Amino acid sequence: MFACTGYAAESATAPLAPFSFQRRSPGPNDVQIDILYCGVCHSDIHTARGEWGNSVWPVCPGHEIVGRVSAVGGDVTKFKVGDLAGVGCMVDSCRECASCRDGLEQYCENGFTGTYNDPDKNMPGSRTYGGYSKVIVVDQDFVLRIPENLELAAVAPLLCAGITTYSPLRHWRVGPGQKVGIVGLGGLGHMALKLAHAMGAEVTLFTTSPNKAEDAKRLGAHRVVVSRDADAMAAETASFDFILDCVSADHDINAYLRLIKRDGTLCQVGAPEKPLAISAFSVIFPRRHFAGSLIGGIAETQEMLDFCGEHGITADIEMIAMDEINEAYERMIASDVKYRFVIDMATMPKAA
Ligand SMILES: [Zn+2]
Ligand SMILES: [Zn+2]
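Residues numbered from 1 in each chain as written. Chains lettered and ligands numbered in written order. Predicted model: local features only at pLDDT ≥ 70, side-chain atom pairs only at ≥ 80, totals over all residues. Heavy atoms only, no water.

Asks: Looking at this structure, I do not really get the coordination of the zinc ion (ligand 1). What am I missing?
Replies: Tetrahedral coordination by four donors sets the ideal angle at the metal to 109.5 degrees; octahedral coordination by six donors sets it to 90 or 180 degrees. At the metal site, the zinc ion (ligand 1) is ligated by Cys41 (SG), His63 (NE2) and Cys160 (SG), and these contacts range over 2.0 to 2.2 Å. Within one chain, the residues serving as donors to the zinc ion (ligand 1) are arranged as C-x21-H-x96-C. Here the residue His63 occupies a position in the loop between α1 (42–48) and β4 (65–72), and Cys160 occupies one in the loop between α3 (152–155) and α4 (161–171), the gap between them amounting to 97 residues. As far as burial versus exposure is concerned, His63 and Cys160 are alike and both buried. (Donors = N, O, S within 2.8 Å, 3.2 Å for Na, K, Ca; no water. Helix = DSSP H or I, 4+ residues; strand = E, 2+ residues; numbered from the N terminus. Buried < 20%, exposed > 50% of the residue type's maximum accessible area, 1.4 Å probe, protein only.)

This is the structure we're talking about:
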């Protein structure tokens, strides 16, 4: 084991603060990564504050991790010291169930090991600690290769926000000739616009704020519909092949289901706190599908990173220092970020 410094919340109500803990020394299959940047996801806030009811403190969040390999175990073949590397939402899974065998570790039937706040198989009695830290040690099978041509800090959010939107766009075969809607322009929505555009679809952003139209078009939307405009919404009825709903606030899902064509799908990736009230008629007519999707498997995450490398896609980010994290949380809750905060890990205090 070795000592590592990070930032963690000690309770649901405590602000994040410097934190010292132990990481395992790399085993034969492990990759040790010096973390350079870590994106800030809404899940980090929910977990630090115990809002999902599964937190065990201290919580050291962060699952949008990029850095450089600083050590490798003897059996590691996929990485060498000095390589760029990334870690997303998972650091392990059972590797035996049907989902794991299908490369869908995110749906591991025995529960994947989250990058933070999960029991750590490698250090019994301890929890996993995430990317708000200087160093992480992860099995090579859960480490991603990072395209060299992209701005590294802006790659970090691809590891959660990027794959969360890429996976459903791919699963429902979004591409040329299709009319695709993206609901909400935040961390997820801004990635969805870029990715759906690069996949060749005709992309429409739905937003409650008319003043987001210009930015949406810059990010890849061909059209923008203001969802509060009832006439504009009515004009879109039953015309979309696929809609990706990225909104985590309460909203009327039927207003979007109505816009789906026969046999088309509305997929939910935003996670509102309260149940969504779906009218049966919104899906009965005309045989619409309502679906969900969770991040993506490791192989698909690598495919997404390679796709982003090929198409020059990264997140739009605002860089912060480690000690600005609590203020960043408040700004995220107020939707005041364009469109993802990324922590510059060089700003981590030397010792906690
Ligand atoms: Zn996330
Ligand atoms: Zn499994």
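Asks: What's the story with the layout of surface pockets in this structure? I'm lost.
Replies: If a probe the size of a water molecule is rolled over the atoms, the empty space left behind becomes visible. Within this model, the second largest pocket holds a volume of roughly 260 Å³. In terms of lining, the second largest pocket is formed by 20 residues, of which the most central are Arg24, Val91, Asp120, Asn122 and Val137. Of all the elements in the fold, those that place two or more residues in the lining of the second largest pocket are β2 (17–23), β6 (90–92) and β8 (135–139). Take the lining of the second largest pocket: its biggest share by element is three residues, from β8. Residue composition of the lining of the second largest pocket, by class: five nonpolar, seven polar and eight charged. (1 Å grid on protein atoms, 1.4 Å probe; cavity = no way out; pocket = protein on both sides within 12 Å on 5 of 7 lines; lining within 4 Å. Points joined across faces, edges and corners; volume = space filled by probe spheres on them. Nonpolar A, V, L, I, M, F, W, Y, C, P; charged D, E, K, R; others polar.)

Asks: Looking at this model, I keep getting lost on the coordination of the zinc ion (ligand 2). Mind explaining?
Replies: Bound to the zinc ion (ligand 2) are the protein donor atoms Cys94 (SG), Cys97 (SG), Cys100 (SG) and Cys108 (SG), situated 2.3 to 2.4 Å from the metal. Around the zinc ion (ligand 2) sit four donor atoms, and with donor-metal-donor angles ranging over 103 to 120° the site reads as tetrahedral. Mapping the donors of the zinc ion (ligand 2) onto the primary sequence yields the spacing C-x2-C-x2-C-x7-C. (Tetrahedral: all angles 85-135°; square planar, octahedral: opposite > 155°, others 65-115°.)

Asks: I'm lost on empty space enclosed by the protein in this one. Help?
Replies: In total, this model carries one cavity of 30 Å³ or more according to the counting rule given. Estimated volume of the largest cavity: approximately 60 Å³. What lines the largest cavity is simply Gly88, Cys89, Met90, Leu144, Leu159, Ile163, Ile295, Gly296, Ile298 and Thr301. Split by residue class, the lining of the largest cavity holds seven nonpolar, three polar and no charged.

Asks: Whenever I open this one, helix α5 (residues 187–198) confuses me. Can you help?
Replies: Under the 1.5 Å per step criterion, the end-to-end length of α5 is 17 Å for 12 residues, consistent within 8% with the ideal 16 Å. Counting buried residues along α5, 10 of its 12 residues qualify, which places the element largely inside the surrounding structure. What α5 keeps buried is the set Gly187, Leu188, Gly189, His190, Met191, Ala192, Leu193, Lys194, Leu195 and Ala196. The positive-phi residue at the C-terminal boundary of α5 is Gly200, with phi of around 100°. (Expected span 1.5 Å × (residues − 1).)

Asks: Looking at this model, I keep getting lost on the pattern of salt bridges. Mind explaining?
Replies: When the charged atoms of two side chains lie near each other, side chains of opposite charge can form a pair. Overall, the coordinates contain 21 salt bridges when judged by the stated rule. A salt bridge links Arg170 to Glu303, with the nearest nitrogen and oxygen atoms 3.4 Å apart. Of the two residues, Arg170 is situated in helix α4 and Glu303 in helix α10 (residues 298–311); the sequence distance between them amounts to 133 residues. The exposure class assigned to Arg170 is partly exposed, which follows from its relative accessible area of 31%. Between Lys261 and Asp241 there is a salt bridge, with the nearest N and O atoms lying 3.1 Å from each other. In this pair, Lys261 sits in strand β14 (residues 260–268) while Asp241 sits in strand β13 (residues 240–245), placing the two residues 20 residues apart along the sequence. Three or more residues joined by partner-sharing salt bridges are found here, namely Lys78, Asp92, Arg95, Lys121, Asp139 and Asp141. (Salt bridge = Lys/Arg side-chain N within 4 Å of Asp/Glu carboxyl O.)

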